[in-house]
Amino acid sequence: MAFIEWYPRGYGVGFEVRAKLVEKTSPYQKIEVYETTGFGRMLVIDGTVQLVEEGERSYHEPLVHPALLAHADPSDVLVIGGGDGGTLREVLRHPEVSRAVMVELDPEVLSVSKAYLRVAPELLQRLFADSEPRASLRVESGADYLERNEGAFDAIIVDSTDPVGPAEALFSRDFYQKAYAALKRDGIFVTQAGSVYLFTDELLGAHRRMREVFDRVWAYSFPVIGYASPWAFLVGVKGEVDFERVDLGRAASLDLEYYDPERHQTLFQLPRFVRLRLNAGS
Ligand code: AG3
């Protein structure tokens with residue numbers, strides 16, 4: 001048996017699966033967990049692969065660590081989405097982080113993740129019990145939360161689904177403006193931004209809108225296990241944060257598996273036509 005996620009133009013990314021462990025339909029989306037034969041359990045939302053247990057770090061590391069290592073002192077961090085807990089787990093590996101907030105829209109993603117995924121089960125448990133000393137959970141829309149928290153965060157990390165349905169708003173100019181306002185004077189924003197080859201137009205659109213809002217914007221990519229790779233990420237900064245430099249001293253104690261801070265520049269390697277289109281803003 002196989003599960004295949006179909007991308008545009010008949011491009012599929014598939015896994016051999018043994019069984020479907022759960023399927024739930026929330027008011028927002030359909031959530032499924034499969035047992036794969038080679039990569040542990042797999043979380044699927046609305047037919048799109050969110051993670052495989054044995055490979056999720058290839059997404060969570062490049063989403064979280066470049067941004068936090070580029071910021072001089074990321075003490076207040078906001079995660080929007082990321083209900084499986086993997087992003088927050090990586091955030092909390094930074095001792096500089098004194099307060100992290102995860103804002104997830106769909107409580108069903110949280111409970112399915114806690115019950116079925118071995119990504120961050122204890123962390124989710126502690127969040128539910130409000131007993132995680134450095135982190136807290138809010139179940140609501142990220143945009144609403146941002147509006148009430150101007151100037152509050154050093155870093156904002158968006159771990160969303162694709163820009164259709166419930167996550168579409170997280171790629172709008174209006175949302176980027178709210179995120180910019182929720183950053184402190186010097187702050188960094190990072191978001192997953194889709195498949196470089198298969199969602200190129202979406203990537204370019206998000207990049208263009210971010211450039212209208214942030215002081216500086218960078219696009220980068222990483223090969224993620226389970227997605228149509230390379231996968232794109234977009235960073236926007238406010239004030240004095242240079243995303244081309246990361247703190248290698250702080251990086252050394254993180255013991256990373258995928259993202260290589262010593263080779264930070266390789267993140268910026270993009271296919272030439274994509275780089276040219278990003279630069280041209282079209
Ligand atoms: N967030 C989803 C990234 C987008 C995946 N898209 C796709 N497969 N079409 C991942 C959640 C992990 N914390």
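Small disclaimer: the values here were computed from a predicted structure and weren't measured.

Rules behind the numbers
- Going along each chain's sequence as written, the residues are numbered from 1 onward.
- For a predicted model such as this one, the threshold for reporting local features is a pLDDT of at least 70, and the threshold for listing and counting side-chain atom pairs is 80 or more; totals across whole chains, interfaces and linings nevertheless cover every residue.
- Water and hydrogen atoms play no part in the side-chain values, which are based on all heavy atoms of the structure.
- Centres within 6.5 Å make a pair out of two Phe, Tyr or Trp rings, where for Trp the six-membered ring is used; the pair is then stacked when the planes are under 30 degrees apart, edge-to-face when over 60, and tilted otherwise.
- Here, a charge over a ring means that NZ of Lys or CZ of Arg falls within 6 Å of the ring centre while also lying within 35 degrees of the ring normal.
- When at least one non-hydrogen atom of a residue lies within 4 Å of a molecule or strand, that residue is treated as near it.
- Polar contact criterion, stated in full: a pair of N or O atoms within 3.5 Å, where within protein one must be able to donate a hydrogen and the other to accept it, and residues adjacent in sequence count only if both atoms are side-chain atoms.
- Here the accessible surface of atoms and residues is derived via Shrake-Rupley with a 1.4 Å probe, and residues count as covered only by protein chains that are part of the display.
- Counting from the N terminus, the helices are the DSSP runs of H or I reaching at least four residues and the strands are the DSSP runs of E reaching at least two.

Caption draft 1: How the structure looks around the packing of aromatic side chains. Across all of its chains, the model carries 20 aromatic pairs by this definition. The structure contains a cluster of three or more aromatic residues connected by ring pairs, namely Tyr-7, Tyr-11, Tyr-59, Phe-199, Trp-218, Tyr-220, Tyr-227, Trp-231, Phe-233, Phe-243 and Phe-268. The residue whose ring lies beneath Lys-238 is Tyr-180, and the NZ or CZ to ring-centre distance is 4.7 Å.

Caption draft 2: Broad picture of the site of the ligand. Lining the immediate environment of the ligand, one finds 14 residues, of which Glu-5, His-60, Asp-84, Asp-159 and Asp-162 sit closest. Between the ligand and the protein, one listed contact pairs a nitrogen atom with a side-chain N or O atom of His-60 at 2.7 Å. Interatomic distance of 2.5 Å between a side-chain N/O atom of Asp-159 and a nitrogen atom of the ligand. The fraction of the free accessible surface of the ligand (400 Å²) that becomes covered by protein chains is 99%. For the shell around the ligand, the elements supplying multiple residues, two or more each, are strand E5 (48-52) and helix H1 (57-70). With three residues, the single largest contributor to the shell around the ligand is E5.

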